[in-house]
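# Report on the structure
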Amino acid sequence: MRVRFAPSPTGYLHIGGLRTALYNWLLARKSGGVFILRIEDTDRSRFVGDAEQDIVDSLQWAGLDVDEGPQTGSYRQSERTDLYDAALTRLLDAGRAYVAFDTPAEIEEMRVRLATDANPNPRYDWSTRSHMKNSLTLSANEVAARISGGEPYVIRLRVEPGSDVVFTDLVRGEVSFRTDEVDDQILRKSDGLPTYHLANVVDDHDMQISHVVRGEEWLSSTPKHVLLYDAFGWDVPHMAHLPLILSPTGGKLSKRNAERQGIPVFVKEYRAAGYEPEALLNYLALLGWHPPGEQEIFSLQGLTDAFSLDRVGQSGVQFDKDKLAWFNGQHLRGMTPEAIAGGQMEALRAAYGDVSQDRAVEAATLMHERMAFASDLVAFDYLFRAPETWDEAAVKKRWKDDSPGLVTAYREALAALPDWTAESLESCLRSTAEQHGAGAGRLIHPVRLAVSGVSHGPGLFDLLVYLGRDATCERLQTAVRALA
RNA sequence: GCCGCGUUCGUCUAGGGGUCUAGGACGCCGCCCUUUCACGGCGGUAACACGGGUUCAAAUCCCGUACGCGGUACCA
C-alpha cells in the first residue's frame, strides 16, 4: 500500500490536513506500506514561503514520520514540470486535450452572455467551447501562429458528453457523474504550470499511489481525475473521500470562522497551546472514524492496529474542543511524571530560573491528576516560588479571626517536628487544632491559602512535604504578616 | 440554480430488517470519595429529520421532501 499526503503550501498545516495525513499514515503503517509527503506548490500566487517547513515540522511533532518526501527526493511539484509537460503532449496528441486562448475577461464575458435562470453559471465545456477561441475552433495554422507569436494559452481537458463516470469510493460506495456535468478543466495554466488535477493524477501514477485518501472537497473533482487516468490508459487508484471537519456549529472550519469560536485551526497552535500530540491524533482519529469496540483512548500504535477505512463515517463532523481537552487529560494521566516534567523544563526555567529536573518531576507527581495540559505545570507558580499575593475570595472565605493564631501555633509546632512526612504533618495539624479548640478545617484551609495563595490544589500534607520545612515555615510566617 | 455527498442524544458515535422500552463517550446535572480543587466511582438528562412505500416486522431497505455540507476558478 502506497499512500500520500499532498498539501499545498498556501498556509500552515491545518487541523483537517493533519487528520488526512493521520489516516494515510495509519494505513501505511498498518499495511507495512509507504507514506509519502508531496508538496503541491503549483499555485504561485498563493505560495507561502514558510508553509512547507511548517508542514514538515508539524508532522514530525505529531509523530507521523515520512518515508518519501522533499527530504528524500523530488517531491515538490514545482520541480517536476517536465513530467507534466510530457503528459500534456500525450494528451494533446491523442486529442484528449486542446489549446485555448480565451482570456479570463473573455471567459467571464461568455458566462454573462450565456447565463440563464436555469444555468446561472455556464461552464467552459462541450456546450460552450465551440463559441470560444481554441484549437477546436481555430485552424491549425492560426493556433501555431498564436503560440509562436507568444500569445498566452492554457491547455484544457476535452470532456465529451453522453456517458457516466462511475467509480467506487471506499468510504461512500459507488459514485457516479454524468460527463455532461464535467467541465473542460484547465490542465496547464498560462504561466506554464499544471493545475492540481493534472499534476495530482500524473504524480499519483508516477509515485505508484495505491490509495488516494483525501477530504470530501475533492469528491466532485474525482470524475475529472478518472477521465484523466482513462485518457492516459492508467489504472485508477483506490479512492476514499473523508468526511469534512466542521466548526462546532456545523459551518466551515475556516480560519476566521473557527477563531471566532475559539478553535485554533493550525497544528502549530495546538502545539503552542501545550496539547499532547498523541492526544490530538487520538481525538482526530475518532473524528469521522470509529473502532470496532468501545475503547476510545488509543496510543498511536493502538490506532495503527485498530484503523480501517471501512469504519470511516460519511457525514461531516463538528469539532468539539471539550472532548479534545478530555483526550488530552486522559493521555496526560497515562504519561509518567518524568515525561511530563521533561517536556516542561525549558518553560520552567524560563519562568522560574534554575529548576532542577528532580524538582520538576516531584512537582509533576504532585499535580499529575490535576493537570489538563502539561504546560499547566508552569502555571502552578506556588510550586516554584512563594506566593506574593493571596486570592481575595479565598482569603475572605477561609482567613478568619483565629487564623493568624492557629497558623502561628502550627508553624511553631512544625519547627520542632521530628520527621517531615505527610503522616506526622497531619497528626501535628490535628493536635494543634484540637489544643485550640478548633476543627481541623479551621486550620487546613488557612494553611493551604498561606503557603499557596489559592484555595485549591493537591493534598495539603503532600504539598508541605514537597515544599519542605524551611519554605513551609517561611511562607506561613509571611502570610500571617501579610494578611494581618 | 445545477451536480455530488450526507442526515441516530447539544457533540463524536454503535447499530445495517425482529435481540432497540436504541448502547458507549464528551458536555451538563446529582450523589459518593476528598474538611480544598481535581482525578476516580455511581446515577441521571438527551436522539433514529419529515412523509410515503416494501414487509408479519423498519433506526435499519426503496422513493420523495426538507435541511446541511461540498463542488460549480488560469485555488488547491
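Bear in mind the structure is a predicted one, so any value in this text is a computation, not a measurement.

### So, the overall build of chain A
Counting secondary structure elements, chain A contains 22 helices and eleven strands. Compactness check: chain A gives a C-alpha radius of gyration of 32 Å against a globular reference of 23 Å for 484 residues, more than 25% above the reference. The principal-axis extents of the C-alpha atoms in chain A amount to approximately 110 × 45 × 40 Å. Scored against the burial criterion, the 484 residues of chain A give a buried share of 50%. Look at the contacts in chain A between residues 6 or more apart in sequence, and 74% of them connect residues 24 or more apart. For chain A, the accessible surface area stands at approximately 22300 Å², while carbon and sulfur atoms represent 49% of it. Measuring between centres, the 51 positive side-chain charges of chain A sit 3 Å from its 69 negative side-chain charges.

### Looking at empty space enclosed by the protein
Considering all chains together, one arrives at one cavity of 30 Å³ or more under this definition. The computed volume of the largest cavity comes to approximately 30 Å³. Lining the largest cavity, in full, are A394, R398, H445, R448, L449, V454 and S455. Broken down by secondary-structure element, the contributors of at least two residues to the lining of the largest cavity are α17 (392–398) and α20 (441–452). Split into classes, the residues belonging to the lining of the largest cavity amount to three nonpolar, two polar and two charged.

### Some words on helix α3 (residues 81–93)
Its 13 residues place the ends of α3 18 Å apart at the C-alpha level, agreeing with the 18 Å of an ideal helix rising 1.5 Å per residue. Restricting attention to buried positions, one finds in α3 the residues Y84, A87, L88 and L91. Mapping the buried residues of α3 onto a view down its axis gives an arc of 105°, with all of them on the same face. Along α3, the residues that are exposed and aim more than 90 degrees away from the buried face are D82 and D93. In this fold, the buried residues of α3 make contact with β3 (97–100), β4 (154–157), β7 (186–188), α6 (196–206) and α7 (222–232). Of the residues one or two after α3, G95 is the one with positive phi, at around 75°.

### A few points about the packing of aromatic side chains
Scanning all chains against the criterion turns up 15 aromatic pairs. Taken together, a centroid distance of 5.2 Å and an interplanar angle of 55° make the contact between Y270 and Y275 tilted. By relative accessible area, Y275 is classed as buried at 7%. The rings of Y270, Y275, Y283, F319, W326, F327 and F373 are connected pair by pair, giving a single aromatic cluster. Across the ring face of Y124, the terminal group of R156 is positioned such that the distance to the ring centre comes to 3.6 Å. Sitting over the face of the ring of Y466, R359 holds its NZ or CZ atom 3.6 Å from the ring centroid.

### Here's the deal with the protein's contact with RNA strand B
RNA strand B sits among 65 residues. The nearest are E296, E369, R370, A440 and G441. One of the side-chain nitrogen or oxygen atoms of S220 is found 3.3 Å away from a base nitrogen of RNA strand B. Within the residue set of the surface near RNA strand B, elements represented by two or more residues are α4 (104–114), β4, β6 (173–178), β11 (317–318), α12 (321–333) and α20. The residue inventory of the surface near RNA strand B, partitioned by class, reads 18 nonpolar, 23 polar and 24 charged.

### Digging into the pairing of strand β9 (residues 238–242)
By the criterion of burial, β9 is predominantly enclosed, with four of the five residues buried. In this sheet, β9 lies alongside strand β8 (residues 211–215) in parallel orientation, the contact comprising five bridges. Across the sheet, residue V213 finds its bridge partner in β9, namely A240. Read as a crossover between parallel neighbours, the route from β8 over α7 to β9 is right-handed.

### Observations regarding the domain arrangement of chain A
Domains assigned within chain A are domain 1 (2–67 + 199–245), domain 2 (81–188), domain 3 (255–333), domain 4 (342–383) and domain 5 (392–483). A separation of 19 Å is found between the C-alpha centroids of domain 1 and domain 3. Residue-level contacts link 26 residues of domain 1 with 29 residues of domain 3. At the junction of domain 1 and domain 3, the tally comes to one salt bridge. Linking K268 and D54 is a salt bridge whose minimum nitrogen-to-oxygen distance equals 4.0 Å.

### Looking at the side chain of R19
Following the sequence through the fold, R19 ends up in helix α1 (residues 15–31). A distance of 2.3 Å separates a polar atom in the side chain of R19 from the backbone oxygen of P243. Discounting chain neighbours no more than four positions away, the residues touching R19 are L242, P243, L244, I245, L284, L287, G288 and V317.

### Quick look at the pattern of salt bridges
Counting across every chain of the model gives 34 salt bridges. A salt bridge links R188 to D85, with the shortest nitrogen-to-oxygen separation between them at 3.9 Å. A residue pair is termed long-range when its members are at least 10 positions apart, and R188 in strand β7 and D85 in helix α3 qualify at 103 residues. Put simply, R178 and D164 hold a salt bridge, and the shortest N to O gap is 2.9 Å. Of the two residues, R178 is situated in strand β6 and D164 in strand β5 (residues 164–169); the sequence distance between them amounts to 14 residues.

### Description of the environment of T116
Within the secondary structure, T116 is located in the loop between α4 and α5 (140–148). On the accessibility criterion, T116 (42% relative accessible area) is partly exposed.

Quick notes on the rules
Residues numbered from 1 in each chain as written. Chains lettered and ligands numbered in written order. Predicted model: local features only at pLDDT ≥ 70, side-chain atom pairs only at ≥ 80, totals over all residues. Heavy atoms only, no water. Helix = DSSP H or I, 4+ residues; strand = E, 2+ residues; numbered from the N terminus. Rg over C-alpha atoms; globule rule 2.2 N^0.38 Å. Buried < 20%, exposed > 50% of the residue type's maximum accessible area, 1.4 Å probe, protein only. Contact = heavy atoms within 4.5 Å. Areas by Shrake-Rupley, 256 points an atom, 1.4 Å probe, with all protein chains shown as cover. Lys, Arg positive; Asp, Glu negative; His and termini not counted. Charge placed at Lys NZ, Arg CZ, Asp CG, Glu CD. 1 Å grid on protein atoms, 1.4 Å probe; cavity = no way out; pocket = protein on both sides within 12 Å on 5 of 7 lines; lining within 4 Å. Points joined across faces, edges and corners; volume = space filled by probe spheres on them. Nonpolar A, V, L, I, M, F, W, Y, C, P; charged D, E, K, R; others polar. Expected span 1.5 Å × (residues − 1). Arc of directions from axis to C-beta. Phe/Tyr/Trp six-rings, centres within 6.5 Å; stacked < 30°, edge-to-face > 60°. Lys NZ or Arg CZ within 6 Å of the ring centre and 35° of its normal. Near = heavy atom within 4 Å. Polar contact = N/O pair within 3.5 Å; in protein donor to acceptor, adjacent residues only side chain to side chain. Pairing = 2+ DSSP bridges. Right-handed = clockwise from strand over helix to strand, strands pointing away. Domains from an automatic or database assignment. Salt bridge = Lys/Arg side-chain N within 4 Å of Asp/Glu carboxyl O.

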